[in-house]
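# Understanding the architecture of this molecule
Chain by chain, the residues run as shown.
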Amino acid sequence: MVDRDASIIKDLELSLKYAMNTHVHADHVTGTGLLKKLFPACKSVLAKASRGMADVLLCPGDQVNFGDFRLEVRATPGHTNSCLTYILHKHKMAFSGDAILVRGCGRTDFQQGDAGQLYDSVHEQILSLPEDYLLYPGHDYTGQTVTTVGEERKHNPRLKKSREDFIETMKNLYLPHPTQIDKALPLNMVCGLQELLNGEK
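Scoring rules and cut-offs
- Residues numbered from 1 in each chain as written.
- Predicted model: local features only at pLDDT ≥ 70, side-chain atom pairs only at ≥ 80, totals over all residues.
- Heavy atoms only, no water.
- Patch = residues over 30% accessible without salt bridge, like charges linked within 9 Å, V, L, I, M, F, W, Y side chains within 5 Å.
- Areas by Shrake-Rupley, 256 points an atom, 1.4 Å probe, with all protein chains shown as cover.
- Salt bridge = Lys/Arg side-chain N within 4 Å of Asp/Glu carboxyl O.
- Helix = DSSP H or I, 4+ residues; strand = E, 2+ residues; numbered from the N terminus.
- Axes fitted to C-alpha atoms, helices over the stretch in contact; angles between N-to-C directions.
- Parallel < 35°, antiparallel > 145°, perpendicular 65-115°, else oblique.
- Left-handed = near helix turned anticlockwise from the far one by under 90°.
- Contact = heavy atoms within 4.5 Å.
- Nonpolar A, V, L, I, M, F, W, Y, C, P; charged D, E, K, R; others polar.

## Structural notes on a nonpolar patch on the surface
- A grouping of Ile8, Leu12 and Leu14 is seen on the molecular surface, where their side chains present a nonpolar patch of about 300 Å² in accessible area.
- Examined against the element boundaries, Leu12 turns out to sit in the loop between α1 (2-11) and β1 (18-20).

## Quick word on the packing of helix α3 (residues 115-126) against helix α5 (residues 163-171)
- The geometry of α3 relative to α5 is characterised by a closest axis approach of 9 Å and an angle of 130° between their N-to-C directions. Of the possible angle classes, the one that applies to α3 and α5 is oblique. Crossing hand, α3 versus α5: right-handed. Residues Ala115, Gly116, Gln117, Leu118, Tyr119 and Asp120 of α3 form the contact with α5, whose participating residues are Arg163, Phe166, Ile167 and Met170.
- Of the residues belonging to the contact of α3 with α5, the class tally is six nonpolar, two polar and two charged.

What follows is the structure, given as structure tokens:
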């Protein structure tokens, strides 16, 4: 993925200013550190609440500026205790990580996850946006890359439930433990770089 992204950045002659993480992932190792090696001016970005290592540590209400654009930073914990959603009001877009997915949401059974907190976060910070805002989740296993606030309000089977029913649903998912969690979590606390985890420079 890093090679793919680097190739696109070079082809389009872009200057990569930030590599932004929505949360500390458990199911894969972030490419942030490798992108920083390829593009030395790039800064890594992560929530301050994660207690991870990054060049820029964000808090709710912060703004990230690049070119003519500005991202609003909103805290959307619940999948993990430090998830962020980035909102680009100028183009009616939000980048939600795993807080809300296309017709779903992130799991809440590890990494200080909390189903009630996720329900509140999504409804108060994401689904409260105008219905025509585009939502770009962190990933989707069926190939869907974008949805809208209006679609998810109407069609998201988990998030249409009452808060109590949502919590009960999340308690009973019985999902397998992420296979890479023991490797991914510590690495993602240091931008995915093994040498930083080992204390090397």
